[in-house]
Amino acid sequence: MKVVVLAGGVGGAKLADGVARILPPEDVTIIVNTGDDFEHLGLTICPDLDTVMYRLAGVANDETGWGRAGETWRTIGEVGILGGPDWFKLGDLDLAMHLTRTHLLRTGESLTAVTQHLCQKLGIQVSVLPMSNQPAPTQIQSGDIIYPFQTWFVQEKWQPPVTKVLLPEDVRATRSVIRAFETADLILIAPSNPFVSIDPILDVYPITALMEDLPKAVIAVSPIVGGEAVKGPAAKMMQELGLQPTSRAVAEYYDERIDGFVYDVQDAGSCDDLEMETHCLDTMMFTEEDRIQLAQGIVQFAEELMQ
């Protein structure tokens, strides 16, 4: 089974790791949101790509879910002392990633090629692809104010209420991304924020059309458990956008774009009458074994769907 995982953030990285651990590397492609990429201190920062790569490489910080294990903060601390912008915390080890990426991009390499280089150096065997080589910055509208995503998410601590998520137009997928969809048996939407991690990917042309026409199954995993987001602002955003913060509402939001829906045992029974195939699993991923078991359960569900 060839699997494409659409991922952003901590939950997406964890499930991607689980899938990578149970399938041959040549059968796994992880397509990562780049809508929250931005430039900071002159460096190109790709938070979701880094979170996915660090998890796959086995160097992720398990306490935070993002950043590097064993991280130190001397450089960004000194930036603050010198009066520079220190609101976005770049660790000392993490800086090596941003310095290398920025250097390679400035030599003319594409983001896809740079990501492939970094994965090779980190020992990552599965394919990790940015959703596009084009900049595709997500913005958050809160009333009359429009925030760059990281300003809203980190600097403002995602507190300004969300009126609308603004996605750029005319962003195109790379040939590598299109080829991954064309050969996929399963598209797996990870338990990432639907609005700022998954929608930016689905909005890239022609990804949604490819999902409708090509794969044998599209399955989404709920990022909401027991009425709360496992991590981040998804539940808060749902309420602000007029949705109930439930797994059922997530399934209804994806609607005809998916064939199957996986949600947590804490919400058992809440999605049974939906007009799609549903499957209840323990979706909480605290350990490597949790990630593996969830990936195995989803793949088994997908095999049943495709029979």
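Just so we're clear, the structure is a prediction, and the values are computed from it rather than from any experiment.

Colleague: So what exactly am I meant to see when it comes to the overall build of the protein chain here?
Modeller: A tally of regular secondary structure across the protein chain gives 12 helices and 14 strands. Over its C-alpha trace the protein chain gives a radius of gyration of 18 Å, about what one expects of a compact globule, namely 19 Å for 307 residues. Seen along its three principal axes, the alpha-carbon backbone of the protein chain occupies a region of about 60 × 45 × 40 Å. A buried classification covers 53% of the 307 residues belonging to the protein chain. Sequence-distant contacts, at least 24 apart, represent 67% of the contacts inside the protein chain between residues at least 6 apart. For the protein chain, the separation between the mean place of its 21 positive charges and that of its 44 negative charges on side chains is 8 Å.

Colleague: What is the right way to read the pattern of salt bridges from this model?
Modeller: A side chain with one charge can pair with a side chain of the opposite charge if their charged atoms come near. Enumeration according to the criterion identifies 11 salt bridges in this entry. Note that Arg-55 and Asp-62 form a salt bridge whose closest N and O atoms lie 2.8 Å from each other. A relative accessible area of 6% means that Arg-55 is categorised as buried. When its relative accessible area of 60% is taken as the criterion, Asp-62 is described as exposed. The closest approach of N and O atoms between Arg-248 and Asp-273, which form a salt bridge, is 2.6 Å. Of the two residues, Arg-248 is situated in helix H11 (residues 247–254) and Asp-273 in the loop between strand S13 (260–264) and strand S14 (277–281); the sequence distance between them amounts to 25 residues. Note on Asp-273: relative accessible area 56%, which makes it exposed.

Analysis parameters
Residues numbered from 1 in each chain as written. Predicted model: local features only at pLDDT ≥ 70, side-chain atom pairs only at ≥ 80, totals over all residues. Heavy atoms only, no water. Helix = DSSP H or I, 4+ residues; strand = E, 2+ residues; numbered from the N terminus. Rg over C-alpha atoms; globule rule 2.2 N^0.38 Å. Buried < 20%, exposed > 50% of the residue type's maximum accessible area, 1.4 Å probe, protein only. Contact = heavy atoms within 4.5 Å. Lys, Arg positive; Asp, Glu negative; His and termini not counted. Charge placed at Lys NZ, Arg CZ, Asp CG, Glu CD. Salt bridge = Lys/Arg side-chain N within 4 Å of Asp/Glu carboxyl O.

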